[in-house]
Structures are given as C-alpha cells and as structure tokens.
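For reference, the chains in residue letters:
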Amino acid sequence: MSSNDIDFFFNPRSIALVGASPKPSSLSYTILESLEKIGFEGKIYPINPRYEEIGGLRCYASLGEIDDIIDIAVLSVPAPGVIEVMNEDFENVRGAVVVSSGFKEIKGEGEKLETELKRLAEAKGIRVIGPNCLGIYDTVSKLDTFFITRERVKRPDRGGLSILTQSGSFASMIVDEIASEGIGIARIVSYGNKVDVDETDCLAFLSEDEATKYVVLYVESVEDGTRFLDVASRCTKTKPVVAVKVGKRDTGLKATASHTGAAASRYEAYEAAFRKTGIIEVEGYEELKDACRVLNSYSPGRGDRVLIITNGGGIGIGIADACESLGLSVPQLSEERINHLKSKLPSFAAVGNPIDITGNGWDDHYADALKEGFGAEYDIAIVAVLWGPPLLSEGIVDKLKAVADEYDKPVLICSPGGNFTRKMSGEFERKGMPVFVTPESAARAAAILAGGRKVNGR
C-alpha cells in the first residue's frame, strides 16, 4: 500500500454507512445527519438488515447488495462486527473509515481484533482510516463523518487549513474553536489507532493538495520515522507545517499508550525531526491556536525585524521583551526617522521602538507610525491597541489595513480587554489582521512569520 492511493478518501463519489440507525442516540444517526448537513453530493447507502429505509434513503441488508463501487465504507458497529463485515462483504469497497473503538487501545482481545483488521485490510487491498477515530471533515468534497452534532460542535467554513490528528477529541475541540474564530478549514483527518492510514500518508496527500495552504499536526506517535522525515521535508518546501507533540514525558507517554495503543518514542527524537524537516513546533494548545490564527492571514519567511507601536507603555515593553526572548530583532529607528516622526506625533510621544503614542494619540498617529516604520524596512509590526483612551476610534482598523496593504507587510494586533475590545478585535480579524490577547502570544506569532523556526527560542 502506498500514500498515492488514498485520494478517493478526499473525493468520494459514494459512501456506505454500515450500522446505520434511525435512532438519534446512535453514532451512525449523527454521521448520516453530518453527511446531509454538509451537503455531500455523492451517493449514500445506509447498511442495516433491520431496516428497509432510514432518513428517506433505501437501507441495504449488506454491502454485497449494492451494485456500485463504494469509495468509503464508514463502519459504526462494535469492534467484533467490524471484523465480520470485512470478512464477508468488502469486495466492492475501496476504503473504510472505522469509527468504532474497542481495539488496540483496550489491550487484550482488542489487540487481537486490530491485528485481524490490519490483516484483512492488507489481504483485500483496502485502505483503512481508524479504528477509534472521527474520520474526515472535508469542506472541499463536502464530506463529514464526525459523529458529534453541529449543535454541540460547530463546523468551520472552507479555508486553507488542514489538520491531521491521532486524537478525535482534539479534532472536535479545535474544529469548534476555530469555527467560532472564523478560521476556514480545507480538510481534517482524525485517524485514531492508524491501523493503516497514518499522518505520513495524509501529509503526502496534503503536500500536493491545492486546497491546503498550511497544515497542523497533532502528534502522539510516529511509527515510520524515516518515511515521515522524507515526506515532511517535501511538504514544508511548499507550505507551512505546524506540529504540537503530546506525550513528551513519562506520564504523558503512558497516557498515549492507553489512548490509542501507540508506542511513543522519547520526545527528543521528535524535536530533532521537527527541526530537521522545517516543521514549526509549538508548545501546546494555545500556541497552536495562535499559529492557526496568524497563518490564516500571512505566510512565514518575512524576516525578523519587529516594529512595535502602542498607546500604552507597559504593554509595549512586554511585547519587546517577549520578542527578544524568542530571538527576534527589535531595532531602534534611525535618528532621521525619529526626527521625521516626531513632527507627526504628539510632543509627549516616545519615539524609538516601541513607539508609544500614549493615551492621547489617535488613529492617524498609529497610521503615521506604522508607515514610517515599514518605510524603515521593518518586516513585521505588532500594534498594541488599548481601547480605554477616548481619542481612539473604530476608524483605526481601516487606517492600519491601508498601510499594511501599501507595504505588503504583516500587522499583528495585540489587544487585551473586555466586550468592546472583543468586538473590535473581530473587525481587525475580518480585515485580515490577526488579534492576540497577550504580548507573549503576539510575539510567538511574529516568530512563526520570521522564518518559522524561532518559536520558544528554538
């Protein structure tokens, strides 16, 4: 089996749902609902000998009754039933998504069932995602096998981010949050115990996928390190890849084994692999969300000279400290630029880097400072906007956007605050300027843009 034969998972023309049920409490009911709500345009075949019809669709007793090639069979039956179905009825199936649990993650009999699942997949030439997974959420092909209702977990619209994760809970958590933040998704694959298809297979596909602009990896374990290094190195040459590694220490390693039955290696091996392949490693969930936020608007490789503009001295100092701790450069403006800018700013403004226009500054002062800084060949600007001062207006959003577009350079907003601040943060985000609540998160985002390898000072 090779990674070039999984394309059909991302462009299926037909799906069979084995274990389909009209009962709202069942996982299969939610999967069928998910397929219908995303607007899957291919054929859907419910499979269950107990019913003649489910949700207005003819229900088949078995896969063998279907006179069609099935691109994906979604198996939502108890683990022993998965083996029974694959033994009997998989002659017309190209691939399977096994959402069922009860395999290697529970040891004992579950390990035996997973070994048999792997044997059957290889013998029949069938690609398998799972078991113990959510499967695929794909806005490109309009495919959704997640068995979590949209009322509880919001689904994102189409965008350029693709996510690969061993953990189904991580998939449901991140998809809900990024949907709420307006970040678009191309494809998400939750592959669970990865009896067959794994992160390397999917990464190979995404590296050539035009719909995917950047990739996020949630990594518990990688089995074939050599192949992963090769594929990841090729992928990072064409698009950013961000990874978060869990199970780094002894307790986490043990939890990883009980979660998906994975045999994880020591963290140092992953750290070296990420560095060698050019993968951007982040330190946990919050940093991962920051990476998604900034890469949704800008691409890396921007240089590391950071301009800081603020209307509050304290937060500007905090941003400067955070940037320098990550190895970013925060150089001062030249004397010529300082004198030129002083003529445009209030007499009490602090002109250097950070540029502090103080609480008596207004929109035009921000725009003038940004234009002067970008003219001085800074690569990235972090603009701290505190909404307490009365002279600041909502017009600052368009003014900063105009300068960013004129110079074609990224502007990151750092803006902590309550309801009004969050409302205005949404305006910045809609204009393509990502917003960060803390100086540290804004600096990490700048580090990702500055070539991508300076996060946490690595």
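Please refer to the structure higher up on the page.
We now turn to the structure provided with this report. Note that this is a predicted model, so its numbers are computed, not measured.

**Things to note about the pairing of strand 11 (residues 185-190)**
Thinking step 1. Judged by how many residues are buried, strand 11 sits mostly within the fold: six of six residues are covered.
Thinking step 2. Sheet topology places strand 10 (residues 158-165) next to strand 11; six bridges connect them, and they run parallel. Paired with Thr-165 across the bridge in strand 11 is Ser-190.

**Here's the deal with the pairing of strand 15 (residues 306-310)**
For a regular strand, side chains alternate in direction, first toward one face of the sheet and then toward the other.
Thinking step 1. Across the five residues that make up strand 15, a large majority, five, are buried.
Thinking step 2. Here strand 15 shows two buried faces, one formed by Val-306, Ile-308 and Thr-310 and the other by Leu-307 and Ile-309.
Thinking step 3. Across five bridges, the pairing between strand 15 and strand 17 (residues 380-384) is parallel. Looking at strand 17, one finds that Thr-310 is bridged to Ala-384.
Thinking step 4. Of the pairings in the sheet, the one linking strand 15 to strand 16 (residues 355-356) comprises two bridges and is parallel in character. Note that in strand 16 the partner of Thr-310 across the bridge is Asp-356.

**A closer look at the pattern of salt bridges**
Thinking step 1. Under the criterion given, the structure shown has 36 salt bridges.
Thinking step 2. Through salt bridges with shared partners, one network takes in Asp-5, Arg-127, Asp-196, Asp-201 and Arg-227.

**Focus: the sheet that holds strand 5 (residues 70-75)**
Thinking step 1. Reading across the sheet, the five strands line up as 2-1-5-6-7 and stay open at both edges, with parallel pairing between neighbours. With one partner strand each, in any of the chains shown, strand 2 (43-47) and strand 7 (127-129) form the two edges of the open sheet. Taken over all neighbouring pairs, the strand axes of this sheet differ in orientation by 20° on average, direction set aside.
Thinking step 2. With five bridges connecting them, strand 1 (residues 14-18) and strand 2 associate as parallel partners. Across the sheet, Leu-17 pairs through a bridge with Pro-46, a residue of strand 2.
Thinking step 3. In the packing of helix 1 (residues 27-38) onto the sheet, the strands contacted are strand 1, strand 2 and strand 5, and the crossing angle to strand 1 comes to about 160°.

**Here's the deal with the sheet that holds strand 19 (residues 435-436)**
Thinking step 1. The five strands lie next to each other as 16-15-17-18-19, forming an open sheet whose pairing is parallel. Both edges of this open sheet fall to strand 16 and strand 19, since each of them pairs with a single strand only.

**Re the side chain of Asn-92**
Thinking step 1. When you line up the elements, Asn-92 lands in the loop between helix 2 (79-89) and strand 6 (93-98).
Thinking step 2. What Asn-92 contacts, discounting residues up to four positions off in sequence, is Leu-63, Ile-66, Asp-68, Ile-69 and Ile-70.

**Points about helix 15 (residues 439-449)**
Thinking step 1. Most of helix 15 sits out of view: ten of its eleven residues are buried.
Thinking step 2. Taken residue by residue, helix 15 has Pro-439, Ser-441, Ala-442, Ala-443, Arg-444, Ala-445, Ala-446, Ala-447, Ile-448 and Leu-449 as its buried positions.
Thinking step 3. One or two positions beyond helix 15, positive phi appears at Gly-451, with a value near 95°.

**What to know about the nonpolar core**
Thinking step 1. Core analysis: the largest hydrophobic core is formed by 85 residues, its most contacted members being Val-411, Leu-412 and Phe-428.
Thinking step 2. Top element by residues in this core is helix 15. It accounts for seven residues.
Thinking step 3. Apart from residues no more than four positions distant in its own chain, Phe-428 is found in contact with Val-385, Trp-387, Ile-396, Val-397, Leu-400, Ile-413, Met-433 and Val-435.
Thinking step 4. Core analysis: the second largest hydrophobic core is formed by 44 residues, Leu-32, Cys-133, Cys-235 and Ala-243 among them.

**Some words on the environment of Pro-12**
Thinking step 1. Along the polypeptide, Pro-12 turns up in the segment before strand 1.
Thinking step 2. Residue Pro-12 is classed as buried on the basis of its relative accessible area, which comes to 7%.
Thinking step 3. Sequence separation of Pro-12 and Lys-104 is 92 residues, and the distance between their C-alpha atoms is 28 Å.
Thinking step 4. With sequence-adjacent residues up to four places away left out, Pro-12 is seen in contact with Phe-40, Asp-71, Ile-72, Ser-141 and Leu-143.

**Here's the deal with unusual backbone geometry**
Thinking step 1. Between Gly-130 and Pro-131 the backbone carries a cis peptide bond, its omega angle lying at -5°.
Thinking step 2. Here Pro-131 is to be found in the loop between strand 7 and strand 8 (135-138).
Thinking step 3. Unlike most non-glycine residues, Lys-142 shows phi in positive territory, near 55°.
Thinking step 4. Of note, Lys-142 is situated in the loop between strand 8 and strand 9 (143-144).

Cut-offs applied
Residues numbered from 1 in each chain as written. Predicted model: local features only at pLDDT ≥ 70, side-chain atom pairs only at ≥ 80, totals over all residues. Heavy atoms only, no water. Buried < 20%, exposed > 50% of the residue type's maximum accessible area, 1.4 Å probe, protein only. Helix = DSSP H or I, 4+ residues; strand = E, 2+ residues; numbered from the N terminus. Pairing = 2+ DSSP bridges. Salt bridge = Lys/Arg side-chain N within 4 Å of Asp/Glu carboxyl O. Axes fitted to C-alpha atoms, helices over the stretch in contact; angles between N-to-C directions. Contact = heavy atoms within 4.5 Å. Core = buried A, V, L, I, M, F, W, Y, C linked by side-chain atoms within 4.5 Å.

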